[in-house]
Amino acid sequence: MNSIQRADRDLMRGINRSIILNVIKAHGPISRADIAHLTGLSPATVTSITGLLIEEDLIFEKSTGDSSGGRPPILLALNPRGGFVIGIKLMESQAVAALTDLNATVIEKTNVELRNTELTSVIDELVLLVENLMKNNKIPKKRLFGVGIGLAGVIDSVNGILRKSPFFGWKDVPFRDLLDVRLKVPIFLDNDVNTLTLGEKWLDNGVHADNYVVITVGRGIGMGIIINGQIYRGKGGGAGEFGHLVVNQNGPVCDCGKRGCLESYLGDQALVMRAKHEVDPSIESIDELIQMAAGGNIAAGKLFEWAGDLLGQELANLINLLDPKLIIISGEGVRMGDPFFSSMRAAIQKNAVPELFENTEIRINTWGDDVWARGAASLVIGELFNSPIQKEER
Ligand SMILES: [Zn+2]
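Computed from a predicted model, the values in this text were never measured in an experiment.

Enquirer: What is the right way to look at the coordination of the zinc ion in this model?
Expert: Reference geometry at the metal: tetrahedral coordination by four donors gives ideal angles of 109.5 degrees; octahedral coordination by six donors gives 90 or 180 degrees. For the zinc ion, the full set of protein donor atoms is H244 (ND1), C254 (SG), C256 (SG) and C261 (SG), and the range of their distances to it is 2.0 to 2.3 Å. With 4 donor atoms in place around the zinc ion and angles of 106 to 118° between them, the coordination shape is tetrahedral. Look at where the donors of the zinc ion fall in the sequence and you get H-x9-C-x1-C-x4-C. Here H244 is found in the loop between β14 (230-231) and α7 (263-266), whereas its partner C256 is found in the loop between β14 and α7, with 12 residues between them in sequence. For H244, a relative accessible area of 24% translates into the label partly exposed. The exposure class of C256 is partly exposed, given its relative accessible area of 39%.

Enquirer: What should I look at first to understand the packing of helix α4 (residues 119-136) against helix α5 (residues 175-183) in this one?
Expert: In a packed pair of helices, the relevant descriptors are the angle between the two axes and the axis-to-axis distance. Relative orientation of the contacting elements α4 and α5 amounts to 50°, with a least axis distance of 10 Å. Of the possible angle classes, the one that applies to α4 and α5 is oblique. Handedness of the crossing formed by α4 with α5: right-handed. Residues L119, I123, D124, L126, V127, V130 and E131 of α4 form the contact with α5, whose participating residues are F175, L178, L179, R182 and L183. Of the residues that constitute the contact of α4 with α5, the class distribution is 9 nonpolar, no polar and 3 charged.

Enquirer: Explain the domain arrangement of the chain here, please?
Expert: Buried accessible area, meaning the area lost when the parts come together, often serves as the stated size of an interface. One can read the domain layout of the chain as domain 1 (3-78), domain 2 (83-200 + 372-393) and domain 3 (204-371). Using C-alpha coordinates to define each centre, domain 1 is positioned 42 Å away from domain 3.

Enquirer: Looking at this structure, I do not really get the packing of aromatic side chains. What am I missing?
Expert: Two measures describe an aromatic ring pair: the distance that separates the ring centres and the angle between the ring planes. In the structure shown here, the tally under the stated rule is 4 aromatic pairs. Here the aromatic rings of Y265 and W306 are separated by 6.4 Å at their centres, their planes lie at 65°, and the arrangement is edge-to-face. Remark: W306 occurs in helix α10 (residues 298-322) and Y265 occurs in helix α7; sequence separation between them is 41 residues. Among the residues examined, Y265 registers a relative accessible area of 12% and is labelled buried. Overall, the relative accessible area of 29% leaves W306 in the partly exposed class. These aromatic residues form a ring-pair network of at least three members: F168, W170 and F175.

Enquirer: Quick question: what am I supposed to make of the pairing of strand β15 (residues 326-330) here?
Expert: The side chains of a regular strand alternate between the sheet's two faces. Most of β15 is tucked away, with 5 of its 5 residues classed as buried. Every second residue of β15 is oriented toward a common face, with L326, I328 and S330 on one face and I327 and I329 on the other, all of them buried. As paired elements, strand β12 (residues 212-217) and β15 share 5 bridges and run parallel to each other. Bridge assignment links V214 to a residue of β15, and that residue is I328. Direction of pairing for β15 relative to strand β16 (residues 361-364): parallel, over a ladder of 4 bridges. Along β16, the bridge assignment pairs I328 with R363.

Enquirer: Is there a simple way to explain helix α3 (residues 43-55) in this structure?
Expert: Owing to its 3.6 residues per turn, the α-helix brings residues three or four apart onto one side. End to end, α3 covers 18 Å across 13 residues, agreeing with the expected 18 Å (1.5 Å per residue, within 8%). Those residues of α3 that sit buried are V46, I49, T50 and L53. Buried residues in α3, looked at end-on, bunch into an arc of 100°, giving them a common side. Along α3, the residues that are exposed and aim more than 90 degrees away from the buried face are A44 and E55. Where the residues of α3 are buried, they touch α1 (3-27), α2 (32-39), β2 (59-63) and β3 (74-78). Backbone geometry just after α3 places D57 at a positive phi near 75°.

So, how was this worked out
Sequence order as written defines the numbering, with residues in each chain counted from 1. Reporting of local features is limited, given that this is a predicted model, to residues whose pLDDT is at least 70; pairs of side-chain atoms are given and counted only at 80 or more, and all residues count toward the totals for whole chains, interfaces and linings. With hydrogens and water excluded, all non-hydrogen atoms of the structure serve as input to the side-chain values. Any nitrogen, oxygen or sulfur atom within 2.8 Å of a metal ion counts as a donor, with the limit raised to 3.2 Å for Na, K and Ca, and since water is left out, coordination shells can look unfinished. All geometry calls rest on donor angles, where a four-donor set with angles between 85 and 135 degrees is tetrahedral, four- and six-donor sets with opposite donors more than 155 degrees apart and all others between 65 and 115 are square planar and octahedral, and all else is irregular. The helix and strand labels rest on DSSP assignments: H or I over at least four residues marks a helix, E over at least two residues marks a strand, and numbering proceeds from the N terminus. Buried means the residue's accessible area, taken with a 1.4 Å probe over protein chains only, is under 20% of the maximum for its type, while exposed means over 50%, and partly exposed covers the values in between. To define axes, lines are fitted to C-alpha atoms, for helices over the stretch in contact only, and angles between the resulting N-to-C directions are given on a 0 to 180 degree scale. Oblique is the label for every angle not falling under 35 degrees (roughly parallel), over 145 degrees (roughly antiparallel), or within 65 to 115 degrees (roughly perpendicular). Put simply, a crossing is left-handed when the front helix is turned counterclockwise from the back one by less than a right angle, and right-handed when it is turned clockwise. Contacts were defined at the residue level, with two residues in contact if any of their heavy atoms lie within 4.5 Å. Polarity classes work like this: nonpolar for Ala, Val, Leu, Ile, Met, Phe, Trp, Tyr, Cys and Pro, charged for Asp, Glu, Lys and Arg, and polar for all others, with Gly in that last group. The domain limits used here are those given by an automatic or database domain assignment. Any two of the Phe, Tyr and Trp rings considered here, Trp counted by its six-membered ring, make a pair once their centres fall within 6.5 Å; the pair's planes then place it as stacked at under 30 degrees, edge-to-face at over 60, or tilted in between. For two strands to be treated as a pair, DSSP must find at least two bridges joining them. Any helix carries an expected span of 1.5 Å times its number of residues minus one. The arc refers to the directions leading from the helix axis to the C-beta atoms.

Below, the structure is given as structure tokens:
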């Protein structure tokens, strides 16, 4: 066999492995015969690949206890504790990390306040965070499949380079290699909203749509785009700057330096500033404003209605542009609750092309503070289930 034939054979095996693993994840517990039937692979291929997956502890045999006569079929199921991953959301003043199993179920969550924003110091703290999670839970290195890191900024995820970070002021930092050298486990790096978007595929009740977007509302307004099953990054990793759509070019100055971006109206700080004028001058935080609206304060409710209407207008533009199957709203901002989301939905309906809007599902994620870290963990989990071809395209 020459080297091209060998490479072809390895590629085929890799593809078949990912097909089988995905079928077991989606349909397991499932018999080998049913796997062969569903995938169209030969029984011999299924037996050989599932044998390897059992050896790797990624799947296990489960007898059905079916006593309807004859030999009960042996079923195969995914072993979520066959491996572990760590997801980290890195923010300007702290890092939140979660150790999860292969279902992205959190085993332990922890966080660290960053001493400063110097690169070497941040790397040191991340290394310590990972080592502590492994030690506390007695995870041997060979069972840790990788560390996924999500952070704001423009990120070249293929090369693991942080091109630009708004919080840390770093530029062109080879972040993945810096951590890889220290931890010696696979490191995956991506924009935090992309990790959240990819995560939707791998978490429980994962999204099955091939065209969907995730919008995050909170301190900033972010967006992740899945087109034809793949994340859309643009030419240099910068796609999805939804928060910097210009709503009014004479509007307030935005963090990006331009005027009148959506974020300069809807970011947490912008809403607090507006609330000082329109609700109560003593308001200091978005949490206070949310509590006031929930407690029936009319002015606070009206402010969220206005904000929801503005977001809805831009989501209508987004639907007209991309015709997604699903829009997921996530992030801390989902706590803004009903006045916000009712008027957001009404504005979408009013402004989107009706034929496109009809078949677009809008989903509001329930908020948990481990959402970001689980998203980062799923960056690694996705690698396990992706075929070698999808990995190339990453
Ligand atoms: Zn902006």
